[in-house]
Amino acid sequence: MIVLLDIDGVMVHANPQRPIELDTDGFYKFNAVAVQILQSTIYFTKDQIVLSSSHRFKYSVAEWRKIFVRRGLNFRFLSILDFSRRQAKVQDAVDLHDRISRRTEIFEWITANKVSEQDVIIIDDDKSLNDLPKKLKERLVLTNPYVGLTDQSTLNAVLNRKVKRRL
């Protein structure tokens, strides 16, 4: 399974009325419930995590791996959604990101990488994803940005797999 994972509004709240806590490494402290949901649902040794977050270019994959491990998420396969098919440099990709929607980024990445809808799950709070084609929208777990990922049942329904443990 390929999991396209956002950070803001998923792993941390995106409520402008509340401050976001920083962890000891200087990056956001993840919501404990969101971490527990991923720990009980994601197969760390089989599933591929692809960061679709706007933060994805802030760190290298190795640094992201450390950030996730510190928060109890030791993903074996971790990568960053990028625009390598466009021959873009990282800075160009960041500039390109500012001009296109998350929906377009994700749809174009899935299309360019020839990923089957059944092999992907999208965990994000971006409402532009409601405009994905029907088959991909069925693979979307759209979170409430003010609280993030707090509902395991929605993720389970989309994944349609045995849960390692229920919360």
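These lines cover the structure that appears in this document, whether it is placed above or below. Fair warning: this is a prediction, and the values are worked out from it, not measured in the lab. (Residues numbered from 1 in each chain as written. Predicted model: local features only at pLDDT ≥ 70, side-chain atom pairs only at ≥ 80, totals over all residues. Heavy atoms only, no water.)

1. Some words on unusual backbone geometry
Here is step 1: With a phi angle near 50 degrees, Lys114 is a residue other than glycine that sits in the positive phi range.
Here is step 2: Tracing the chain through its elements places Lys114 in the loop between helix H4 (102–112) and strand E4 (120–124).
Here is step 3: Here Lys114 falls in the exposed class, since its relative accessible area comes to 75%. (Helix = DSSP H or I, 4+ residues; strand = E, 2+ residues; numbered from the N terminus. Buried < 20%, exposed > 50% of the residue type's maximum accessible area, 1.4 Å probe, protein only.)

2. Considerations on the layout of surface pockets
Where empty space is left can be seen by rolling a probe of water-molecule size over the atoms.
Here is step 1: Taken as a whole, the largest pocket encloses approximately 170 Å³ of empty space.
Here is step 2: A per-class count over the lining of the largest pocket returns five nonpolar, two polar and three charged. (1 Å grid on protein atoms, 1.4 Å probe; cavity = no way out; pocket = protein on both sides within 12 Å on 5 of 7 lines; lining within 4 Å. Points joined across faces, edges and corners; volume = space filled by probe spheres on them. Nonpolar A, V, L, I, M, F, W, Y, C, P; charged D, E, K, R; others polar.)

3. A short note on the sheet that holds E4
Here is step 1: Taken together, the five strands give an open sheet; going across it, the order is E3-E2-E1-E4-E5, and neighbouring strands pair in parallel fashion. Each end of this open sheet is capped by a strand with a single partner; those strands are strand E3 (77–80) and strand E5 (140–142). Direction aside, neighbouring strands of the sheet carry axes that sit 20 degrees apart on average.
Here is step 2: Note: strand E2 (residues 48–51) against E3, four bridges, orientation parallel. By the bridge assignment for E3, Ile49 is matched with Leu78.
Here is step 3: Across the sheet, H4 is in contact with strand E1 (2–5), E2 and E4; its angle to E4 comes to roughly 165 degrees. (Pairing = 2+ DSSP bridges. Axes fitted to C-alpha atoms, helices over the stretch in contact; angles between N-to-C directions. Contact = heavy atoms within 4.5 Å.)

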